[in-house]
Amino acid sequence: MAAADLPILIVGDVHGDLERLFSALKPYPADAWRTIFLGDLVDYAPFGVGALRYARDRANSAVLLGNHEVAMLWALRDPTRIGFWIGIGGQRHDLDELAKDPSLQEWLRRRPALIRLADKTLIQHCGNDAYATLVDKDDADPVASINARVQERLESGGEAELWDIMSGRNIFNTQVERLERWLEMTGSRRVVFGHNPHRSARPEIYFGGKAMNFDGAFSRQHRLYRRLSPPGATVAPLPTNLETLA
Ligand SMILES: [Mn+2]
């Protein structure tokens, strides 16, 4: 089956917990699912680079850029940023590992910020509309423009701007007008994101399914949420219908 025809599996913020990722993915073989990682695979727990490599090499998979990947790439390019990055959970050995692997660096700098599926589901790391600051009013395809500009910033020392765009808190769970404006701007019917942990046993759904949060505080080393949440709060199939999550 072509990847585009497979059912979609969403994987929220992994944050270095590779061991838990392996067990959470066991019910979802790579050849039977199109897997989309929401970013923030690194930091907090020790296997961030391991998680990146695993996600990169998994068949039928796509990986989005998270703010923690931006901070890590920033620290890699500019050593004066290492202290900041360690302060948000950066693991020194992971930076050393990334520094030794130019092809992984290059792959990481080319990750998209947004993916829009054929069914008009928009998938992104942060649950907010700050990405819109990268759009010009006459852009025909805002999603493609944002991805192109994000890549441009990562290739030209523009991490500070990206960090600002991608480190704000989620708003799509509370601000329905902004959610609807963003869906309209990007030609989408719903948006899937991670970034700020929810506290439910399953991905959280807001506004009749127009917004969904798949960050279930998965990593056992999560800086602010050290509790064992069920894996299904972070790793779950994307429902085909708007409202429901089985
Ligand atoms: Mn994040």
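In this report, the structure presented in the accompanying data block is examined.

Basis of the calculations
Residues numbered from 1 in each chain as written. Predicted model: local features only at pLDDT ≥ 70, side-chain atom pairs only at ≥ 80, totals over all residues. Helix = DSSP H or I, 4+ residues; strand = E, 2+ residues; numbered from the N terminus. Rg over C-alpha atoms; globule rule 2.2 N^0.38 Å. Buried ≥ 20, exposed ≤ 12 C-beta atoms within 10 Å, placed from the backbone. Core = buried A, V, L, I, M, F, W, Y, C linked by C-beta atoms within 7 Å. Pairing = 2+ DSSP bridges. Axes fitted to C-alpha atoms, helices over the stretch in contact; angles between N-to-C directions. Contact = placed C-beta atoms within 7 Å. Right-handed = clockwise from strand over helix to strand, strands pointing away.

Scanning the protein from terminus to terminus reveals 9 helices and 9 strands. Against the compact-globule benchmark of 18 Å for 246 residues, the protein has a radius of gyration of 17 Å, which places it among compact chains. With the C-alpha coordinates aligned to their principal axes, the bounding extent of the protein is approximately 45 × 45 × 35 Å. Taking all 246 residues of the protein together, 48% fall into the buried category.

Core analysis: the largest hydrophobic core is formed by 64 residues, its most contacted members being Ile10, Val11, Phe37, Ala51, Met72 and Val192. Considering each element in turn, this core owes the most residues, 6 residues, to helix H3 (residues 67–77).

Right, let's get into unusual backbone geometry. One non-glycine residue with positive phi stands out, namely phenylalanine 207, at about 50°. Positive phi, close to 55°, is recorded for alanine 217, a residue that is not glycine. Turning to its location among the elements, alanine 217 is positioned in the loop between strand S8 (211–213) and strand S9 (235–237). Classification of alanine 217 by C-beta neighbours within 10 Å gives buried; the count is 21.

In spatial order, the strands read S3-S2-S1-S9; together these 4 strands make up an open sheet with mixed pairing. The open sheet has two edge strands, strand S3 (61–63) and S9, and neither has a second partner. Neighbour-to-neighbour, the strand axes of the sheet open up by a mean angle of 20°, direction not taken into account. Examined bridge by bridge, strand S1 (residues 8–11) and S9 share 3 bridges and lie antiparallel to one another. Within the sheet, the bridge partner assigned to valine 11 lies in S9 and is valine 235.

Here we take up the environment of asparagine 241. In this structure, asparagine 241 sits in the segment after S9. For asparagine 241, a count of 8 C-beta atoms within 10 Å corresponds to the exposed category. A sequence separation of 32 residues divides asparagine 241 from glycine 209, and the C-alpha atoms of the two residues are 8.4 Å apart.

Right, let's talk about the pairing of strand S6 (residues 190–193) for a bit. Of the two faces of S6, both are covered, the one formed by Arg190 and Val192 as well as the one formed by Val191 and Phe193. Note that strand S5 (residues 121–124) and S6 share 3 bridges and pair parallel. Within the sheet, the bridge partner assigned to isoleucine 123 lies in S6 and is valine 192. Both S6 and S8 contribute to a ladder of 3 bridges, which runs parallel. Within the sheet, the bridge partner assigned to valine 191 lies in S8 and is alanine 211.

Looking now at H3. Counting buried positions over the 11 residues of H3 gives 9, a clear majority of the element. Among the residues making up H3, those that are buried are Asn67, His68, Glu69, Val70, Ala71, Met72, Leu73, Trp74 and Ala75. Residues of H3 that are buried sit in contact with helix H4 (82–87), helix H5 (92–99), helix H6 (102–109), helix H7 (142–155) and helix H8 (159–166).

We now examine the environment of leucine 9. Secondary-structure assignment places leucine 9 in strand S1. Judged by the 21 C-beta atoms lying within 10 Å of it, leucine 9 is buried. As a C-alpha pair, leucine 9 and alanine 30 span 21 residues in sequence and 9.6 Å in three-dimensional space. When sequence neighbours within four positions are dropped, the list of residues in contact with leucine 9 reads Tyr28, Trp33, Arg34, Thr35 and Pro237.

With that settled, consider the pairing of S1. Alternating residues of S1 divide into Ile8 and Ile10 and Leu9 and Val11, and every residue in both groups is buried. In the sheet, S1 pairs with strand S2 (residues 34–37) via 4 bridges, with the strands oriented parallel. Residue pairing in the sheet places leucine 9 in a bridge with threonine 35 of S2. What joins S1 to S2 is helix H1 (residues 18–25), and the crossover it makes is right-handed.

Another aspect to go through is the sheet that holds S8. In spatial order, the strands read S4-S5-S6-S8-S7; together these 5 strands make up an open sheet with mixed pairing. In this open sheet, the two edge strands, each paired with only one partner strand, are strand S4 (114–116) and strand S7 (204–206). Sheet twist, expressed as the average angle between the axes of neighbouring strands with direction ignored, equals 20°.

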